[in-house]
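Results of the structural survey
Okay, here's what each chain looks like letter by letter:
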Amino acid sequence: MLITGAAGVVGSALVSELSDAGYAVVATSSSDGDLRVLEEAERIIGDASPEIVVHLAARVHGLMGNIHAQGRAYLDNIRMNTNVVEAARKVGVKKFVGMGSTAVYSDVAPLPMAEESIWSGPPHGSEAGYAHAKRAMIAQLEAYHHEYGMDFAVALSTNLYGPGDRFDEAKGHVLPSLVSKFHRAVTTGTDVTVWGTGTPTRDFVYSSDAARALRMIIEGFTGVINLATGTSVTIREAAETLQKVSGLQGDIQWDASKPDGQHTRAYDVTKIRALGWEPAVDLAEGLEQTYRWYESHYPAVRR
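So, here's what we can say about the structure. If you're wondering where the values come from, they're calculated on a predicted model, not measured in any experiment.

1. A look at the layout of surface pockets
Roughly 190 Å³ of volume is contained in the second largest pocket. Here the lining of the second largest pocket gets three residues from one element, more than from any other, and that element is strand S9 (residues 204–206). Of the residues that constitute the lining of the second largest pocket, the class distribution is eight nonpolar, two polar and five charged.

Take a look at the structure:
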């Protein structure tokens, strides 16, 4: 089994999950080659000649990064996805499992958002470039399944977080960026400024839970499936939880001049629950573990 993006927050957790389950895992990262180049993708996958490819590598940002890099997010992800799927087909993999994103859903999709609503309306404008690239991967895999019979699954993951994440305050995802902000505020005795109003809702999945879900998808699911807990919290609730975890003595300031992104997100988790998966780590425990990991590894953390 070959995993791209194995050095990322979910990739590293998945390597452990699959290795513990007895799978022979080839873990690859950007240091092994540039998947945006077809010949590189073919070399990496051809050398391993895996039965299964799990494609996690992506150009990933949070809200602000996606807003300001729409073209790069689209092109880099389109190239990576297209090349890895084609290279996997050429070596005759039995199954291809891709990491999608719930960013593919439109604001017009009924709540909770179900897999059948992927094509209902355009993605939210703040993440359109990234989301369209993820939609294109689904379309490619469906076409390859039809013509070549290649089995596939795409996990539409909601917000993922955990140890080893990329803690980029300017362009990163909400929870790792907040972990960095709260840690800095605690060590300097200052307040924390959080972007937006705090009212949007998000569904957060801890990395080890996501890895276990991916293993179950690899072993027993074909098609597109939501990878979410089914429980949404507001950004304000997440920030207040992190305030308790970090022991912040200062205040949380909300910068309403910054965008909120898509306001309400809730997902139908019928299919993932039918596989027998349920999250084992709640938000408070997950933030506790992530924050302590950050503390113990600071300043040698990814940005």
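Don't stop here, the text continues.
2. Description of empty space enclosed by the protein
Applying the stated criterion across every chain, the model contains one cavity of 30 Å³ or more. Reported here for the largest cavity is a volume of approximately 30 Å³. The wall of the largest cavity is formed by Tyr161, Gly162, Asp165, Phe167, Leu175, Pro176, Val179, Leu287 and Thr290. Only helix H6 (174–188) and helix H10 (283–297) provide two or more residues apiece to the lining of the largest cavity. Of all the elements, H6 adds the most residues to the lining of the largest cavity, at three residues.

3. Remarks on helix H5 (residues 128–148)
With 21 residues, H5 extends 29 Å from end C-alpha to end C-alpha; this agrees with the ideal 30 Å at 1.5 Å per step. Residues of H5 that are buried: Ala128, Gly129, Tyr130, Ala131, Ala133, Lys134, Arg135, Met137, Ile138, Gln140, Leu141 and Tyr144. Within two residues after H5, Gly149 carries a phi angle of roughly 75 degrees, on the positive side.

4. Re the environment of Arg273
Checked against the element boundaries, Arg273 lands in helix H9 (residues 270–274). Using a relative accessible area of 35% as the deciding quantity, one classes Arg273 as partly exposed. Remark: the alpha-carbon pair of Arg273 and Gln253, spanning 20 residues in sequence, is separated by 37 Å. Not counting residues within four places of it along the chain, the set of residues in contact with Arg273 comprises Thr229, Glu278 and Pro279.

5. Section: the packing of H6 against H10
Running from amino to carboxyl end, H6 crosses H10 at an angle of 60 degrees, the nearest separation of the two axes being 10 Å. Here H10 runs oblique to H6, going by the angle between their axes. Along this stretch, H6 crosses H10, giving a crossing that reads as right-handed. Residue-level contacts link Leu175, Val179, Ser180, Phe182, His183 and Val186 of H6 to Leu283, Leu287, Thr290, Tyr291, Tyr294 and Glu295 of H10. Class assignment for the residues of the contact of H6 with H10 results in eight nonpolar, three polar and one charged.

6. What to know about the sheet that holds strand S4 (residues 95–101)
Picture the strands of a sheet paired through backbone hydrogen bonds; they go either parallel or antiparallel. Ordered by their spatial adjacency, six strands build an open sheet running S2-S1-S3-S4-S5-S10, and the pairing between neighbours is parallel. Among the strands making up the open sheet, the edge pair consists of strand S2 (26–27) and strand S10 (223–227). Here strand S1 (residues 2–4) runs beside S2; their pairing, made up of two bridges, is parallel. Residue pairing in the sheet places Ile3 in a bridge with Ala27 of S2. The strands that helix H4 (residues 70–91) touches are strand S3 (52–55) and S4; relative to S3, the one it contacts most, it runs at about 175 degrees.

7. Digging into the pairing of strand S5 (residues 151–157)
Counting buried positions along S5 gives six out of seven residues, so the element sits mostly inside the fold. In this structure, S4 lies alongside S5, joined through seven bridges in parallel fashion. Bridge assignment links Val97 to a residue of S5, and that residue is Ala153. Crossover handedness for the path S4 to H5 to S5: right-handed. Here five bridges tie S5 to S10, and the two strands are oriented parallel to one another. The partner of Ala155 across the bridge, within S10, is Ile225.

8. Describing the pattern of salt bridges
A complete count under the given rule lists 16 salt bridges for this structure. With its nearest N and O atoms 2.9 Å apart, the salt bridge here joins Glu86 to Arg89. One end of the pair, Glu86, and the other, Arg89, are both in helix H4, three residues apart, so they sit about a helical turn from each other. Judged by its relative accessible area of 16%, Glu86 falls in the buried class. Looking at Arg89, the relative accessible area reads 26%, which means it is partly exposed. Taken together, the shared-partner salt bridges in this structure form one network comprising Asp34, Arg36, Arg59 and Asp76.

Thresholds applied
Residues numbered from 1 in each chain as written. Predicted model: local features only at pLDDT ≥ 70, side-chain atom pairs only at ≥ 80, totals over all residues. Heavy atoms only, no water. 1 Å grid on protein atoms, 1.4 Å probe; cavity = no way out; pocket = protein on both sides within 12 Å on 5 of 7 lines; lining within 4 Å. Points joined across faces, edges and corners; volume = space filled by probe spheres on them. Helix = DSSP H or I, 4+ residues; strand = E, 2+ residues; numbered from the N terminus. Nonpolar A, V, L, I, M, F, W, Y, C, P; charged D, E, K, R; others polar. Expected span 1.5 Å × (residues − 1). Buried < 20%, exposed > 50% of the residue type's maximum accessible area, 1.4 Å probe, protein only. Contact = heavy atoms within 4.5 Å. Axes fitted to C-alpha atoms, helices over the stretch in contact; angles between N-to-C directions. Parallel < 35°, antiparallel > 145°, perpendicular 65-115°, else oblique. Left-handed = near helix turned anticlockwise from the far one by under 90°. Pairing = 2+ DSSP bridges. Right-handed = clockwise from strand over helix to strand, strands pointing away. Salt bridge = Lys/Arg side-chain N within 4 Å of Asp/Glu carboxyl O.

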